Amino acid sequence: MSKLLEVEGLRVSLPTSEGRVTIVDGVDYAVEPGEVFGVAGESGSGKTISMLALLGLLPDGAHVGGCAQFGGRDLLRLPKRALRDVSGRDVAMVFQDPMTSLHPMLSVGKQLTEHVRRHLGLSKDEAERRALELLEEVRIPGPRSALHAYPHQFSGGMRQRIAIAVALACGPKLLIADEPTTALDVTVQAGILRLLDRLRRENDLSVVLITHDLGVLSSIADRISIFYAGRVVESGPREDVLQTPRHPYTKALLDALPHPEASERPLVAIEGAPPSPARIPSGCAFHPRCPYATEQSRVEVPPLVEIGGGRRLACHNDPFA
Amino acid sequence: MSEPLALPRFRRRPRLRLGPAWRQPLAIAGATIAVAWFLIAIFAPLVAPYDPLAQSFTPTQAPSGAHLFGTDELGRDVLSRVIFGARITIPIALLLVGLAAAIGGLLGAVAGYLRGIADGLVMRIADLVFAFPPIILAMVVTAVLGRGLRNAALAIVVVAWPSYARVVRGLVLSVGDAEYVQSARLLGASARRALFRDVLPNIAGPVLVLMTLDLANATLLLSGLSFLGLGAQPPHPEWGSMVATGTQYFQFWWMGTFPGLAIFTAVLAFNFLGDSLRDVFDPQTAWRSEDTQD
Amino acid sequence: MSALELHDVEVTYERRGRESVRAVAGASLIVERGQIVGLVGESGCGKSSLARAAVGLVKASAGEIHFEGREVAPLTRRARPRELTRLQMVFQNPYSSLNPRRKIGSQIADGGGGGRKRVAELLELVGLPPNAATRFPHQFSGGQRQRIAIARALAADPSVIVLDEPLASLDASAQAQIANLLVNLSRELGLSLLLISHDLAIVRHVADVVSVMYLGVMVETAPTRSLWEVPLHPYTEALIGAVPLADGSGFLPEALPGEVPDPAHPPSGCRFHPRCPYAFERCPRDEPPLLPVTEIRRAACWLQEPGGPPARPAERAAQLGVAARVE
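Just so it is clear, the structure is predicted and the values come from calculations on it, not from any experiment.

**Some thoughts on the environment of B:Arg185**
No. 1: Relative to the assigned elements, B:Arg185 resides in helix H8 (residues 179–186).
No. 2: Residues B:Arg185 and B:Leu114, 71 residues apart in the sequence, show an inter-C-alpha distance of 16 Å.
No. 3: Residue contacts for B:Arg185: discarding those within four places in its chain leaves B:Ala194, C:Leu75 and C:Arg80.

Right, dumping it as structure tokens:
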């Protein structure tokens, strides 16, 4: 099947007080129609910045390289206006804090209708019907009264549902969700995950799900990319990556998680902390924390290569092959 | 209406983009002009070509090589008067901003620390002062105390302290609830000890910003009162009163224009400086290198 | 004598112009010496308020709080009595719990005498080099700051530390490091910990005993292992069922329908009944007390009887002929 989004060699650098810093350093991935593509990584891994770059949402002064094919166009080379059209209609984004995309002073109905009226050119009545549909779609209880309510009147979980409704308003093909459940309770998180899963199945929506929580990815992602220090270290189908991780970092991340069958023994923590983008170690960026590192890891950046079964790995040693 | 895809709020955007505030052009301009005025005030006798009070020239000469800013209706050199004017305006502005910050800050800190009745009392008085336009209130105070530079300065302190009280009280209340203050309290620090060690040092930045911005207000108010004849009295070369005289001699435009420009540049410089300092201290724009990464 | 005892504690917040809110509505909790007690619940269930009341940061409007047999008085403007400083707290956000303008060493030294040597010891105890003392908080990562916050609490030579979501704002690798550190400190120093967390997986790993809180009251208390094996309260069951596992199986966790109600207007009877799949006639009518079901387990649910065999809510409902609601 043809890819919905194909990113190649994406590089992003930002000016900081420590000089220009490369946050994303040559990232490749592809998203297929109707799939949930999971992006995992700790803070500083560049997972969020690499998504913001696609939509031109980076701060001024950012340098972006590589290409991102979406619907026959390179998002990274589109003029601002055209990109805004794409990002309003075909690609939508939701954030960890729903209030970043909801206007606090406008009623939910207003935010939903203005949206569809501008982008789809619907009449007022049609827009209102569509807004109601959207609220039902994301399972807001009492959608009719919710139209007239304001974002602050809803709980965190409901706000995230409304933010998703707004994102879905124009029928996007791709939804980029950046830590959409991180601020929510597990009970509420489960609801949002189920919602995303249903949207993917019923509306053929593709979702890029960015999260630090491998448990979340395990629930709904079809394929997973693991980011470390601005690069992809491992990617592949969910089941394979999580059940038989090949990169030492993926393995370490999984070992650090509390596991139901092993609650008696202490957690296996990864030593050290992820590096600051201003001070990425040479060679394989993970080598200072990696028990399998060799001299080659210290000097040479491992390329991300196919290892069969739709999996890719960036490790010189491949200790779990 | 909100954008289809509202921008995520890049909190640290200003500094991400511009680097340290001192590299910003406005900050540099502000600092340069302010320093220039300070130097002019200090070295006025060396810089000024003539005695500012000597009525020794032909009155109302247009600007020329000998008198760059011309002469006034009494034959005094306008340039020298503008230069000596800095000696009046700038030290007084500094002094009264310091005084207002000390009084307001103390009252605000007490209100925020004691809360309850003390808080209510201080804040209600502050509200009362805020209820009047500053220039009107300052005029009333000067009218009661009598005209003159000293009384004008006192009047400005009276109208200026409440903003410090309000800001300091708010900061003491919010910083007082900060978790690091609570931690210190749990470790056995008394409220007073925590106030001095953990609260006050953390509010110094915003207060400094307010003081810098207030220098501009004070300069403007002082000149305003003098313009109205309530502040500096003749023959003192105060900028505001010079502008006032200038307005009576419209055909000799240089008499009012140059002191006016002096007020304008000084006020602008303080405002630029204050705004840039705010970018430095504002927690909204302060960023930590380790979380800009993602 | 237990290290920390809370009996029927209530915390009420007065709100100007609106009715007051009872965030904690009569909760009891016991932390034994050397024990790690986990307190879990959704946000808004009152667990943070209870933690703050436990150390005296907020005033309990009713009930009793005893630390080593001594009543915990709410904080006044005076310095805390010496004995009470052995009851410490660590906050969620290590970015806001350290003073940005003071050096690490000076902040740790707040907790007691001993000078530089003691500070170095404490830093070593939490796995940081002694030269960390001369640096400022912004020079450290989140995980390191949380270590510093723990070192500062340890400076007071505490016997109980209340930790309010100490892992929530940390990365996965730092979470595991801090969780292990807490367990080790507790074992080595004989420390009691009250660990408040919304992350059941971590609590399961770390805690000896778990209390589950819902809308201001305790609904279940049990040793960690048996709680996970057989949750007795439907809410506990729902919480456990909602945790996603990183096993790659693609299993979607169960969502708990509805929302935590406004604590200003709690539901009648059992506070959980509007969201409970097994609620029957009695539930909206009477509030169930937290009763011992077995010797080591307590639950506040009308499905469970004292002395009855511990069984999952679904089984009990089937035994009692209560029809489970399907959403």
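**Describing the interface of chain C and chain A**
No. 1: In this complex, chain C contributes 37 residues to the contact, which on the side of chain A involves 38 residues.
No. 2: Mapped onto the side of chain C that touches chain A, the elements with two or more residues apiece are helix H5 (172–189), helix H6 (200–206) and helix H8 (234–241) of chain C.
No. 3: At eight residues, the largest contribution of residues to the side of chain C that touches chain A is made by H5(C).
No. 4: Looking at the side of chain C that touches chain A residue by residue, the class counts come to 20 nonpolar, eleven polar and six charged.

**Notes on the nonpolar core**
No. 1: In this structure, A:Val208, B:Ile156, C:Leu194 and C:Leu195 are the most contacted members of the largest nonpolar core, which totals 293 residues.
No. 2: The element best represented in this core is helix H4 (residues 78–114) of chain B, accounting for 18 residues.
No. 3: Ignoring anything within four residues of it in the chain, the contact list for A:Val208 reads A:Val31, A:Phe37, A:Val39, A:Met51, A:Leu174, A:Ile176 and A:Ala177.

**So, the interface of chain B and chain C**
It is common to give the size of an interface as the accessible area lost on bringing the parts into contact.
No. 1: Facing the 18 residues of chain B at the interface are 25 residues of chain C.
No. 2: Every element with two or more residues in the side of chain B that touches chain C is listed here: H8 and helix H9 (191–227) of chain B.
No. 3: The biggest single contributor to the side of chain B that touches chain C is H8(B), with seven residues.
No. 4: Residue composition of the side of chain B that touches chain C, grouped by class: eight nonpolar, five polar and five charged.

**Brief notes about unusual backbone geometry**
Across the chain, the bulk of peptide bonds are trans and the bulk of non-glycine residues have phi less than zero.
No. 1: The residue after B:Pro234, namely B:Pro235, is reached through a cis peptide bond having omega 5°.
No. 2: A positive phi angle, close to 60°, is found at A:Arg139, a residue other than glycine.
No. 3: Judged by the 16 C-beta atoms lying within 10 Å of it, A:Arg139 falls in the partly exposed class.
No. 4: The phi angle at B:Arg115 is positive, at roughly 55°, despite the residue not being glycine.

**Focus on the sheet that holds strand S5 (residues 70–71) of chain C**
All names here are of chain C.
No. 1: Taking strand neighbours across the sheet as the criterion, the four strands line up as S2-S1-S4-S5 in an open arrangement whose pairing is antiparallel. The strands lining the two open edges of the sheet, one partner per strand, are strand S2 (18–31) and S5.
No. 2: Summarising the sheet, strand S1 (residues 4–15) and S2 pair through nine bridges and their orientation is antiparallel. When the sheet's bridge partners are listed, Val9 is paired in S2 with Ala27.

**So, the pairing of strand S6 (residues 87–90) of chain C**
All names here are of chain C.
No. 1: Of the two faces of S6, both are covered, the one formed by Leu87 and Met89 as well as the one formed by Gln88 and Val90.
No. 2: Of the strand pairs in this sheet, S6 and strand S7 (residues 160–164) are connected by four bridges, and their pairing is parallel. Along S7, the bridge assignment pairs Met89 with Val162.

**Digging into the sheet that holds strand S6 (residues 91–94) of chain A**
Two strands in a sheet stick together by hydrogen bonds in their backbones, pointing the same way (parallel) or opposite ways (antiparallel).
All names here are of chain A.
No. 1: The strand order across the open sheet built from eight strands is S6-S7-S8-S3-S9-S10-S12-S11, with neighbouring strands paired in mixed fashion. Edge strands, defined here as strands with exactly one partner in the open sheet, are S6 and strand S11 (305–308). For this sheet the average axis-to-axis angle between neighbouring strands, irrespective of direction, equals 20°.
No. 2: Across four bridges, strand S3 (residues 36–40) lies against strand S9 (residues 223–228) in parallel orientation. Residue pairing in the sheet places Phe37 in a bridge with Arg223 of S9.
No. 3: Contacting S3, strand S7 (174–178), strand S8 (206–211) and S9, helix H1 (residues 47–54) crosses the sheet at an angle of about 145° to S8.

**A look at the pairing of strand S3 (residues 36–40) of chain C**
Looking along a regular strand, one sees the side chains alternate between the two faces of the sheet.
Residue and element names in this part refer to chain C.
No. 1: When you tally the buried positions in S3, you get five out of five residues, the bulk of the element.
No. 2: Both faces of S3 are covered, namely the face carrying Ile36, Gly38 and Val40 and the face carrying Val37 and Leu39.
No. 3: Across five bridges, S3 lies against strand S8 (residues 192–197) in parallel orientation. In the sheet register, Gly38 faces S8, and the bridge partner there is Leu195.
No. 4: Alignment of S3 against strand S9 (residues 209–214), held across four bridges, turns out to be parallel. Note on S9: the bridge partner recorded for Val37 is Val209.

**What about the packing of helix H7 (residues 149–176) of chain B against H9(B)?**
All names here are of chain B.
No. 1: Close contact between H7 and H9 brings their axes to 10 Å; oriented N to C, the two are set at 160°. For the element pair H7 / H9, the angle class is roughly antiparallel. When you trace H7 past H9, the crossing you get is right-handed. Only Val199, Asn202, Ile203, Pro206, Val207, Leu210, Asp214, Ala218, Leu221, Leu222, Leu225 and Ser226 of H9 make contact with H7, whose side of the interface consists of Ala152, Ala155, Ile156, Ala160, Ser163, Tyr164, Val167, Val168, Leu171, Val172, Val175 and Gly176.

Rules and cut-offs
- Residues numbered from 1 in each chain as written.
- Chains lettered and ligands numbered in written order.
- Predicted model: local features only at pLDDT ≥ 70, side-chain atom pairs only at ≥ 80, totals over all residues.
- Helix = DSSP H or I, 4+ residues; strand = E, 2+ residues; numbered from the N terminus.
- Contact = placed C-beta atoms within 7 Å.
- Nonpolar A, V, L, I, M, F, W, Y, C, P; charged D, E, K, R; others polar.
- Core = buried A, V, L, I, M, F, W, Y, C linked by C-beta atoms within 7 Å.
- Buried ≥ 20, exposed ≤ 12 C-beta atoms within 10 Å, placed from the backbone.
- Pairing = 2+ DSSP bridges.
- Axes fitted to C-alpha atoms, helices over the stretch in contact; angles between N-to-C directions.
- Parallel < 35°, antiparallel > 145°, perpendicular 65-115°, else oblique.
- Left-handed = near helix turned anticlockwise from the far one by under 90°.

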